[in-house]
Amino acid sequence: MSQPQIVDSHCHLDFSDFDGQHAEIVARAAEAGVTRMVTICTRLRLEPQVRALAETYAPVFYAAGTHPMSAAEEPLATVEELVALAKHPKFVGIGETGLDYHYTAESKQVQQESLRIHIEAARQTGLPLIIHARDADDDMARILSEEHAAGAYSCVMHCFSSTAALAEAALGLGFYLSMSGIAAFPRSQELRDIFAAAPLDRILVETDSPYLAPPPHRGKRNEPAYTAHTARKGAEVFGLPYEDFAAATSANFDRLFAKAAAWELAA
């Protein structure tokens, strides 16, 4: 019997950890039921390499933006640049962008400026914003709320591992929370409780590979196939059979990443 189909909503297939192995990685993902994945470009100058992966492999879609930890090192993106990139048929999201004060608090002003640029691009394209948030919950909630009041946009809090307060703020704006391998770590009960309190129709799953491999692969290189391990833990969190949780999160992905769903239908 084939595996229930799920989506890895966030991975980094262009990273050197995967060099020369993309065909095998996509094949292993399919065997695990991971039939689609979104690979994320974190520096816009690398967009051509990330785009090439989406053009080569049918299950791979992509998004692009400037990661907050790189915001001070890279040229500031422009709304026009992001809108132009979004014309590609397999370009399905804006980012990742966001705020990271854990290692790069000294660049918080440029991070905030970059974030607002990405939000405007999400507004103009209608594509979901992909948010990275670490140790910046108050500013994150404030900016997302301010900008949403100025003009609606859709958004996923990728690899969500922040506070219940930020989860509530994001959910209150109609946004989605994405569950990574962190949610499957033994000591992550508090995080699992935050997910359990969220509506099922706002949950996505992801790997953030090559990072954050869930058990039983913790400490090793992560890859899209391992989304299945996180999704099985997610099914436990929501008290659902795995196939029901897989179906729900796939439907959520299609709703948020409507361009990916439409491309699949057209294909």
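Quick caveat, the model's predicted, so the values are computed rather than measured.

1. Quick word on the overall build of the chain
Inference 1: Assigned secondary structure in the chain consists of ten helices and eight strands.
Inference 2: For the chain, the C-alpha radius of gyration of 17 Å lies close to 18 Å, the compact-globule estimate for 267 residues.
Inference 3: For the C-alpha atoms alone, the extent of the chain along its principal axes is close to 50 × 40 × 35 Å.
Inference 4: Looking at the 267 residues of the chain, the share that counts as buried comes to 56%.

2. Structural notes on the sheet that holds strand β8 (residues 203–205)
Inference 1: If you trace the eight strands from one edge of the open sheet to the other, you get β1-β2-β3-β4-β5-β6-β7-β8, paired in parallel fashion. Of all the strands in the sheet, just β1 (6–11) and β8 have a single pairing partner and so form its edges. Adjacent strand axes in the sheet meet at a mean angle of 30° when their direction is disregarded.
Inference 2: The sheet contact formed by strand β4 (residues 91–100) and strand β5 (residues 129–134) spans five bridges and is parallel. Bridge pairing links Leu99 to Ala133 in β5.
Inference 3: Relative to β4, helix α4 (residues 108–125) is tilted by about 155°, and along the sheet it contacts β4 and β5.

3. Concerning the nonpolar core
Inference 1: Among the nonpolar cores identified, the biggest contains 71 residues, and Leu129, Ile131, Met140, Leu144, Met157, Phe160 and Leu177 are the most heavily contacted of them.
Inference 2: Broken down by element, the residue count for this core peaks at five residues, all from α4.
Inference 3: Once residues lying within four places of it in the same chain are set aside, the contact partners of Phe160 are Leu166, Ala167, Leu177, Ser178, Leu191, Ile194 and Phe195.
Inference 4: Formed by 14 residues, the second largest nonpolar core is a distinct cluster that contains Val92, Ile130, Val156 and Ala260.

4. As for the packing of aromatic side chains
Think of a pair of aromatic rings as described by two things: how far the centres are apart, and how the planes are tilted against each other in angle.
Inference 1: For the coordinates displayed, the defined rule picks out seven aromatic pairs.
Inference 2: The residue whose ring lies beneath Lys90 is Phe61, and the NZ or CZ to ring-centre distance is 5.0 Å.
Inference 3: Against the face of Tyr242 rests Arg232, its NZ or CZ located 3.9 Å from the ring centre.

Criteria and cut-off values
- Residues numbered from 1 in each chain as written.
- Predicted model: local features only at pLDDT ≥ 70, side-chain atom pairs only at ≥ 80, totals over all residues.
- Heavy atoms only, no water.
- Helix = DSSP H or I, 4+ residues; strand = E, 2+ residues; numbered from the N terminus.
- Rg over C-alpha atoms; globule rule 2.2 N^0.38 Å.
- Buried < 20%, exposed > 50% of the residue type's maximum accessible area, 1.4 Å probe, protein only.
- Pairing = 2+ DSSP bridges.
- Axes fitted to C-alpha atoms, helices over the stretch in contact; angles between N-to-C directions.
- Contact = heavy atoms within 4.5 Å.
- Core = buried A, V, L, I, M, F, W, Y, C linked by side-chain atoms within 4.5 Å.
- Phe/Tyr/Trp six-rings, centres within 6.5 Å; stacked < 30°, edge-to-face > 60°.
- Lys NZ or Arg CZ within 6 Å of the ring centre and 35° of its normal.

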